[in-house]
Amino acid sequence: MTSDATSSRSPLQQAIREGGRELSGYWGWFLVLGILWTGFGMYVLSYRVGSLAAVAALVGVAFLFGGITQLVVASRVQSWRWLYILSGIMGVAAGIGTFFWPDITLYVVSILVAWYLIFFGIIHLVDALAGPKVGWWWTGLLLGISELVLGVWAVRSWERSLLTLMTLVGVWAIVYGVNEIFAAFTLREAGKQMERLAD
């Protein structure tokens, strides 16, 4: 493209073109992130001994990240600051504790996940049966039933709870990874469309 054509563009066209290029530049990061999350999920679902360590590392990082986030929020809010500080310290401590005692952490988290499934399974069941009957109300009913059945099955032994936790983490990681891969190609296409629009 000649310099005359470039100079004949309006500032709006140039801004759209630059925005499109910038948007397209991010797609590779989303693609790499999606591939990594998908690979992590597949590794967790292989149910090897290392899969337990991978889940423990993810839980530890999640606790640390959550705790640090709470501490950052505490530095910016005025009311209930002590609560953010307390939860931040607990999150960081739980994250550090996970790396020292991963077996205990996984045991506790897997039991909590099983009870979480039971609790939210009941809530989704009641909401589906007693709530307003929209066109897709039965999806809430199926979700509640599956959560309740899975939770009751998992809570009966710690081995089942751990298996449930690993399965949920693996499936979530794969779904999240595939979603990021689709987002990457969507971003790339959106950037190209913006550049074409500017031309």
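Given the structure is predicted, the values throughout are model-derived calculations rather than measurements.

Attention shifts here to the overall build of the protein. Helices and strands together make up the secondary structure of the protein, namely eight helices and zero strands. Of the regular secondary structure in the protein, the N- to C-terminal order runs α-α-α-α-α-α-α-α. Looking at the 199 residues of the protein, the share that counts as buried comes to 28%. The contacts of the protein with a sequence gap of at least 6 include a subset with a gap of at least 24, amounting to 72%.

Taking 1.5 Å of rise per residue, 29 residues should cover 42 Å, and helix H6 (residues 102-130) covers 41 Å from first to last C-alpha, within 8% of that figure. Of the residues making up H6, those classed as buried are Thr-105, Leu-106, Val-109, Ser-110, Val-113, Ala-114, Leu-117, Ile-118, Gly-121, Leu-125 and Ala-128.

To continue, consider the packing of aromatic side chains. Tallying each qualifying case throughout the model produces eight aromatic pairs. With centroids separated by 6.0 Å and ring planes inclined at 35°, the aromatic side chains of Trp-80 and Trp-82 adopt a geometry described as tilted. You'll find Trp-80 and Trp-82 in the same group, each marked exposed. Considering the side-chain rings of Trp-172 and Tyr-176, the 5.2 Å spacing of their centres and the 15° angle between planes classify their relative orientation as stacked. In this pair, Trp-172 and Tyr-176 both sit in helix H8 (residues 158-198), four residues apart, roughly one turn of the helix. Relative accessible area serves as the criterion here: at 43%, Trp-172 is assigned to the partly exposed category. Counting every residue linked through ring pairs, the aromatic cluster contains Trp-37, Phe-40, Trp-172 and Tyr-176.

Taken together, Ile-96, Phe-100, Trp-101, Ile-104, Tyr-107, Val-108, Leu-112 and Trp-158 make up a surface patch of nonpolar side chains, about 900 Å² in accessible area. Contributions of two or more residues to the nonpolar patch are made by helix H5 (81-100) and H6. The greatest single-element share of the nonpolar patch, amounting to four residues, is contributed by H6.

A word on the layout of surface pockets. Taken as a whole, the largest pocket spans an internal volume of roughly 630 Å³. Forming the walls of the largest pocket are 22 residues, and the residues nearest its centre are Val-59, Val-109, Val-113, Leu-165 and Val-169. Within the residue set of the lining of the largest pocket, elements represented by two or more residues are helix H4 (49-74), H5, H6 and H8. Residue classes in the lining of the largest pocket are distributed as 19 nonpolar, three polar and no charged.

What follows deals with the environment of Gly-60. You can see Gly-60 is positioned in helix H4. Each C-alpha atom, one on Gly-60 and one on Ala-93, is 9.6 Å from the other, the two residues being 33 residues apart in sequence.

Okay, the nonpolar core next. Residues Phe-40, Val-44, Val-55, Leu-106 and Leu-165 are the most contacted members of the largest nonpolar core, which totals 16 residues. Of all the secondary structure elements, the ones that give two or more residues to this core are helix H3 (27-44), H4, H6 and H8. In terms of residue count, H8 provides more of this core than any other element does, five residues in total.

Conventions used here
Residues numbered from 1 in each chain as written. Predicted model: local features only at pLDDT ≥ 70, side-chain atom pairs only at ≥ 80, totals over all residues. Heavy atoms only, no water. Helix = DSSP H or I, 4+ residues; strand = E, 2+ residues; numbered from the N terminus. Buried < 20%, exposed > 50% of the residue type's maximum accessible area, 1.4 Å probe, protein only. Contact = heavy atoms within 4.5 Å. Expected span 1.5 Å × (residues − 1). Phe/Tyr/Trp six-rings, centres within 6.5 Å; stacked < 30°, edge-to-face > 60°. Patch = residues over 30% accessible without salt bridge, like charges linked within 9 Å, V, L, I, M, F, W, Y side chains within 5 Å. Areas by Shrake-Rupley, 256 points an atom, 1.4 Å probe, with all protein chains shown as cover. Salt bridge = Lys/Arg side-chain N within 4 Å of Asp/Glu carboxyl O. 1 Å grid on protein atoms, 1.4 Å probe; cavity = no way out; pocket = protein on both sides within 12 Å on 5 of 7 lines; lining within 4 Å. Points joined across faces, edges and corners; volume = space filled by probe spheres on them. Nonpolar A, V, L, I, M, F, W, Y, C, P; charged D, E, K, R; others polar. Core = buried A, V, L, I, M, F, W, Y, C linked by side-chain atoms within 4.5 Å.

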